[in-house]
Amino acid sequence: MYSEKVMDHFSNPRNMGEIENPSGVGTVGNAKCGDIMRMYLDVDENGVIRDVKFKTFGCGAAVATSSMATELVKGKTVEEALQVTNKAVMEALDGLPPVKVHCSLLAEEAIHAALWDYAKKQGITIEGLQEPVNDIGEK
Ligand code: FES
């Protein structure tokens with residue numbers, strides 16, 4: 001049912017934890033399943049994501065997609081991180097079962113929520129970034 005990559009990221013999640021005094025942090029939730037995902041970003045002065053950590057209170061696919069999402073945004077600029085969609089996360093994981101697609105969406109939304117918080121703190125606008133609708137605002 002799950003690809004080897006999903007199982008790997010579920011069993012050995014990358015970048016799990018938190019960042020103290022993050023440049024941006026975002027928490028999103030899915031009202032239906034009740035799962036919650038939080039992303040922390042450490043962004044340097046050139047707008048490059050130097051470090052990223054996550055905490056996920058949710059299903060195994062949510063853990064795997066958070067883990068993969070952190071790997072995909074690390075080292076990227078904040079603008080490039082916007083291109084890391086749930087589709088990109090799913091592809092990198094060699095797919096997810098249809099009932100688990102929303103878990104990858106949560107990962108995309110968590111990145112966006114953290115980027116939104118970063119932009120707000122910096123007083124800047126990131127082209128193409130919209131306020132995430134499922135941002136539950138807990139830091
Ligand atoms: Fe909801 Fe996976 S079941 S995030």
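Here, every reference points to the structure presented above.
Residues numbered from 1 in each chain as written. Predicted model: local features only at pLDDT ≥ 70, side-chain atom pairs only at ≥ 80, totals over all residues. Heavy atoms only, no water.

Student: Would you explain the environment of Ser3 in this entry?
Tutor: Mapped onto the secondary structure, Ser3 falls in the segment before helix H1 (4–11). Expressed as a C-alpha distance, the spacing of Ser3 and Thr56, which sit 53 residues apart in the sequence, is 20 Å. (Helix = DSSP H or I, 4+ residues; strand = E, 2+ residues; numbered from the N terminus.)

Student: How do you make sense of the environment of Val84 when you look at a structure like this?
Tutor: The topology assignment puts Val84 in the loop between helix H3 (78–81) and helix H4 (86–92). Other than its neighbours up to four places away in sequence, Val84 contacts Leu72, Val73, Val89, Glu108 and Ile111. (Contact = heavy atoms within 4.5 Å.)

Student: Can you walk me through the pairing of strand E1 (residues 24–29) in this structure?
Tutor: Along any regular strand, the residues point their side chains to alternate faces of the sheet. Counting buried positions over the six residues of E1 gives six, a clear majority of the element. In the sheet, E1 pairs with strand E2 (residues 36–43) via six bridges, with the strands oriented antiparallel. Following the sheet pairing, Thr27 is matched in E2 by Arg38. Where E1 hands over to E2, the hairpin turn is made up of six residues, of which Gly34 adopts a positive phi near 85°. (Buried < 20%, exposed > 50% of the residue type's maximum accessible area, 1.4 Å probe, protein only. Pairing = 2+ DSSP bridges.)

Student: I keep staring at the sheet that holds strand E3 (residues 49–57) and nothing clicks. Help me out?
Tutor: Pairing between the strands of a sheet is mediated by backbone hydrogen bonds and can be parallel or antiparallel. On the basis of which strands lie adjacent, the open sheet formed by three strands has the order E1-E2-E3 and antiparallel pairing. Two strands in the sheet have a free side with no partner beyond their single neighbour: E1 and E3. Neighbour-to-neighbour, the strand axes of this sheet turn through a mean angle of 15°, independent of strand direction. Each of E2 and E3 touches helix H2 (residues 60–73); the most contacted strand, E3, lies at about 175° to it. Packing of helix H5 (residues 101–122) onto the sheet brings it into contact with E1 and E2, and relative to E1 it is tilted by some 145°. (Axes fitted to C-alpha atoms, helices over the stretch in contact; angles between N-to-C directions.)

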